[in-house]
Every structure is written in structure tokens, then in C-alpha cells.
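In case you want the letters, here they are:
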Protein chains: 2
Amino acid sequence: MLKKQLIMEKALELFSEQGFESTSVQQITERCGISKGAFYLSFKTKDELLVSMVEYYLQQFVTEIDQVVRGSLSKDVILVEFYKSIFQAFKKHSASARVFFNEKVLLTKKELFQKISAYDAEMSKSIIYMLEQLYRDELHKTKYDVMYCIKGFMKSYAELFIFSDIPLDLDQLAKSLAEKTDIIARHTTIPFITEDLVQLTAKPCNEEVTKESLLELIDQHLSGLEESIERDSLELLKFQIDDLTYSKAIVKGLIENIRLRPEHRWVAYMLKKFFKI
Amino acid sequence: MLKKQLIMEKALELFSEQGFESTSVQQITERCGISKGAFYLSFKTKDELLVSMVEYYLQQFVTEIDQVVRGSLSKDVILVEFYKSIFQAFKKHSASARVFFNEKVLLTKKELFQKISAYDAEMSKSIIYMLEQLYRDELHKTKYDVMYCIKGFMKSYAELFIFSDIPLDLDQLAKSLAEKTDIIARHTTIPFITEDLVQLTAKPCNEEVTKESLLELIDQHLSGLEESIERDSLELLKFQIDDLTYSKAIVKGLIENIRLRPEHRWVAYMLKKFFKI
DNA sequence: TTGACAAGTGACCAATTAGTCATTAGTATA
DNA sequence: TATACTAATGACTAATTGGTCACTTGTCAA
């Protein structure tokens, strides 16, 4: 488990410097100080490494946003906090942002295209949730357009973080974009993005959270977890999936236990979806 | 000259399907129906092909936008026409868009990073020109932010064209984005992007149009041009660069002659810059 | 000290790569 | 027809690639 993380970190450095295809397994193992054989003990192929990385880093990003959006912030700061956390993430993880937001070669591999689209759809859902909380039914016709605008702001301003390291005033940026978002939300009248269109583009990731995939995910996390409250909680939840015995309140509490560790936020997020909490 | 074009076209197809690094010279020559040796008669290396392609396709795009922006359209349609032409281009050249707007591995090669940044800066200038025409000094504090928003809208909505071929109503889209742009321009009060910041990010492409580079560009175009009015015009302009004898009016007319052919728009654009017309 | 088993090694392999160059095909002039 | 030229070929090379596997090392309990 730790070896895997080491490889992913060093690989991320190299990918962000040279790109995925131009980086050889040899280079990765050299930077890790391990042998080629050791690499193939952790990952079956080079592609599998990439898939794991996409999962690992995009999960972090998507979950972080969702947490801000669903956190109990007051309405007048939520937009500012939303943007602040996004650009904080871009700043902190500029290497992974470079790889996963820009190296779209990734998208030529079908499996990854679906994975990345799915994470993108998750992010869209979070944004829509935020807009619904903020504006209720004021913008029922234009909410998807506003969502596209927000994603556009993110992409455009993210370049400042990804391709240079100029010191920037995050607070000012967040305020500026929050204002723009509010203005757009309040004044837009001509919609373009319809619900159907969103569903069309998000098709490949419509899959529900299946029992199987969830169980697999849990086992994966259990394997790297020593005896602890978190482990117990996760095991209890695992049985809960097949056979619902405890009340919603208990389940929610167990999930909360898990979410405390940042590396388990994603499982928590998926569990919440499954149990509809 | 024609062979080069054939190679660039087929290479574009392959790059958009598989990415640059995953496409071999062999594959390119096979799709062209030529031998490997023939490829290396047109391009010294695989990298040189990529550079030529960036120049060829981004030039087209940037010049097209500039033409719309500087065309004599009335103020109330210019924004709509701007967006319409942009997304028309995305639709028509979705393959090159996929490669050059998304495969940012390109950016790990320094030479290309500078080239692409330079074209991006050209586009930014066109957008700023448009905003200045539309709003005069109404938005002197926020024009760079509005420019960033416009680029964000482009990036966000472009995905609809690049990653799917859903039939879309271009007019509706253009209207919708024009409205959003106008709203942002009129209401934004908190600026973030300052002139200095723009200059910082655009540093590598600040170079003026030098005599040498312009002469080289002209020779390049002359080499593939039979006897014609265009050829005569271009030759006259070539001498004009070293020794200004004709009036501005004549020079402008000569440039206009050249611009009639779409493949020469870029030379025309650079000449205009050089002669400050 | 022994033995058993997992963790780790790196020489090795077949396949593929970008790029070269001696050779040939095609064409225009004399 | 002979000559001189360029355009085009594809077998070749040297290097690199992702991936394997017979082997060594380290770490336990007995």
C-alpha cells in the first residue's frame, strides 16, 4: 500500500514534467529507488498505474469540492468559499492538475475517458446542488448554463496556477469570481444547456453505485487498514450493504467515522450515495 | 508543398485518435500511402511535423477570430457573430481542436509551449480589441477579467463540440453566450486580472514582428505560389519591408489582395502588424 | 540454526521506435 | 538514346520500450 503511494507520487512528478507516454517505467523506478520488478508487484501494467492515479487524485479533488458545497456554510459566503477551495487545490496539487486537467491524451484511452467523465459529472452535480441551495427555483431554466459558466471560470483562471507560480491573492480571486457567478445567475435569461443535453454528455457514468463495485472498493480500503475504529466501522458497513439491520442514524454515524480520514472520504461519499443519506 | 499538407492532414487524424506520442511515423506514412523516406523529405523530424502543424492550424484559428473582430460589423451583432464563428470553427475543425486545445503534452516541449502561448496571446489581443470597441472606457478596470471569462466560456462550451457530435443550435448558443458576456461586462465591479498579470503570463511572445521573420515567412509562401496578382503583390510588399516607397493606401491595397486567399491570411495579418495598418 | 515464504532484483526478451542511406524510378533536357 | 537530375523507396540500425522470470534477500516462527 505504501509502495503504491510512493510510485504514484513519483510518477505524478514525471508525468507532469514529460507527459504519460514520454515517461518510461524505468524512469519511474529510478526515481523511486526501486527495481523494475518491484514496480510490477504493485501494478500489473503501466496503464493500471495511470488508472489508479486518476482514481486517487480526482477522487480527492471531487470529494473536496463536494464537502465545501454540502458543508453548512451561510449562503453569502458559500460561493467565495467554493472558489477559494478550488483554487487552493489547484495551487497545492498543481502537478496533478497539470496531468489530469490538461493531458487529455488520457481521453484517447476509452476506459479513462469514462472514468474522467464520471468524475466530471460528479463535480457538475455538486455545483448544481450549490446553485439550487443558493437560488432555489429562481434559475430553474438556466442553472445548467450557470454551471457551465462556473466550470469555464475554473478552467480559464486555473491556468494562472498551473502554468506559472506567480503569487496570487486567492481571496481577491474568489471574491471576484463569486461576484461574476452571482451576476450571471441573477441576470441570464437565454438558456442553452438543457437537462437532456447534460444527460447526453454524462451518459457513460450514469451507472448507479452497484453493490459489487462498492464491496470491492471497501475491500480495497480494508486491505491497507490496521485495527481501529475506522476499520470496525468499515466492516460493519460492509455487512450492512447486504443486510440492512441498523437504523439510518447508526449507518450515518459509521460513515462519519470513516470520513474523518481524508484518504477515506471517497468511500464515505460512495456509501452515502448507496444508503441515500 | 502539397505533400506536406497531405502528411499534416493525415497526421492530424491520427493524433486526434491516439495522441502524438502514441502515433508512429510508420502509421502516418501508411495512411498517406507514402514511404518512410518520403516523410523525412518533407520534415526533418517527427517534432518538426508537430511544430508545423501547430503553426498551420492555430494560425487559421487565430486569424479567423481576428477577422471577425476587426470586420465592420455593427455593435449589436458583433458578440453574437464572434461566438458563432468560434464554435463554427470548433465544429468544422474538431480534430485539430482535440489535438491543440486538449493534448497539452505539447506544452511539455518548451518550443511548442512558447508557440502556443503566443497564439493564445494573439487571441487575447483580438478579444480585448473587441471589448474596447464595444464598451469604450466603461470597463477599463475589468476588461481583462471579461476577457478571461470569454475564454472560459469558450473552453467550457467547446467540449460539446470536441467530445461529441450532438447536433447543436449554433445561433442559440451564440446568443446565449453573447448575453452572458454583455451581462458580465456591464455589471462586474471586482477586478482580478491586472494588465501586469496579463503581461507576465504572455511574456514569451512579446517579440515584435521582426523584419527577418517576416521576410522568411513571405519567402515560404512565395515558394508555393504560381504567377498571379497575389504573387506580384507579395513580392512588391517584400521590397516594401526594406524600403518604404509606396503610400499606406497602396500597401493596404496590396495586403488586401493577398488576404483574399485563405491560406495567406496569416501573412496578411503579420504584414498589417508590421506596417501598423 | 533451520526452513518456509514473501519481497525484491535486474539481466533478459520480443517488439517497436525514430531516423538513415544505398538504391531505384521517373522525368526532363540535350 | 544518353545524361543528369530529383523524388521516392524500404531494408536497415541502434536505441528504447513494456513486461517477465529465475534468482537473491530479508524476515519470520519453530
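Residues numbered from 1 in each chain as written. Chains lettered and ligands numbered in written order. Predicted model: local features only at pLDDT ≥ 70, side-chain atom pairs only at ≥ 80, totals over all residues. Heavy atoms only, no water.

**Considering the pattern of salt bridges**
- Applying the stated criterion to the full structure yields 36 salt bridges over all chains.
- Where A:Glu81 meets A:Lys84, a salt bridge forms, and the shortest distance between an N and an O atom there is 3.5 Å. A residue pair is termed a helical-turn pair when its members lie 3 or 4 positions apart in one helix, as A:Glu81 and A:Lys84 do in helix H5 (residues 75-92) at three residues.
- In this structure, the salt-bridge partner of B:Arg186 is B:Glu138, at a minimum N-O distance of 3.9 Å. You can see B:Arg186 sitting in helix H9 (residues 170-187) and its partner B:Glu138 sitting in the loop between helix H7 (110-135) and helix H8 (143-162), a full 48 residues away along the chain. (Salt bridge = Lys/Arg side-chain N within 4 Å of Asp/Glu carboxyl O. Helix = DSSP H or I, 4+ residues; strand = E, 2+ residues; numbered from the N terminus.)

**Quick look at the protein's contact with DNA strand C**
- Around DNA strand C, 13 residues are found, and the nearest of them are A:Ser35, B:Val25, B:Lys36, B:Tyr40 and B:Lys46.
- Sugar plus phosphate, as a fraction of atoms of DNA strand C within 4 Å of the protein: 50%.
- A:Gly37 places a main-chain nitrogen or oxygen 3.5 Å from a base oxygen of DNA strand C.
- The contact in question runs from a phosphate oxygen of DNA strand C to an N or O atom on the side chain of B:Tyr40, over 3.2 Å.
- Breaking the surface near DNA strand C down by element, the ones donating at least two residues are helix H3 (36-42) of chain A together with helix H3 (36-42) of chain B.
- The element that contributes the greatest number of residues to the surface near DNA strand C is H3(A), accounting for three residues.
- When the residues that make up the surface near DNA strand C are grouped by side-chain class, the tally is five nonpolar, five polar and three charged. (Near = heavy atom within 4 Å. Polar contact = N/O pair within 3.5 Å; in protein donor to acceptor, adjacent residues only side chain to side chain. Nonpolar A, V, L, I, M, F, W, Y, C, P; charged D, E, K, R; others polar.)

**Regarding unusual backbone geometry**
- Even without a glycine there, the phi angle at A:Arg136 is positive, about 50°.
- Of note, A:Arg136 is situated in the loop between helix H7 (110-135) and helix H8 (143-162).

**Focus on the protein's contact with DNA strand D**
- Close contacts around DNA strand D come from 13 residues, with A:Val25, A:Lys36, A:Lys46, B:Lys3 and B:Ser35 the closest.
- Note that a phosphate oxygen of DNA strand D is positioned 3.0 Å from one of the backbone N or O atoms of A:Val25.
- In the model, a base oxygen of DNA strand D is placed 2.5 Å from a nitrogen or oxygen of the A:Lys36 side chain.
- Only H3 of chain A together with H3 of chain B provide two or more residues apiece to the surface near DNA strand D.
- Looking at the surface near DNA strand D residue by residue, the classes come out as five nonpolar, five polar and three charged.

**With respect to the relation of the copies chain A and chain B**
- For the match of chain A to chain B, the screw axis carries a shift of 0.0 Å, the RMSD comes to 0.2 Å, and the turn is 179°. Both chain copies can therefore be described as sitting about a two-fold axis. Considering only C-alpha atoms, the residue of chain A closest to the rotation axis is A:Gly152, which sits at 2.0 Å.
- The overlap is high: 100% of the interface residues of chain A also sit at the interface in chain B, so the same surface is used on both sides. (Least-squares fit on C-alpha atoms with pLDDT ≥ 70 in both. Contact = heavy atoms within 4.5 Å.)

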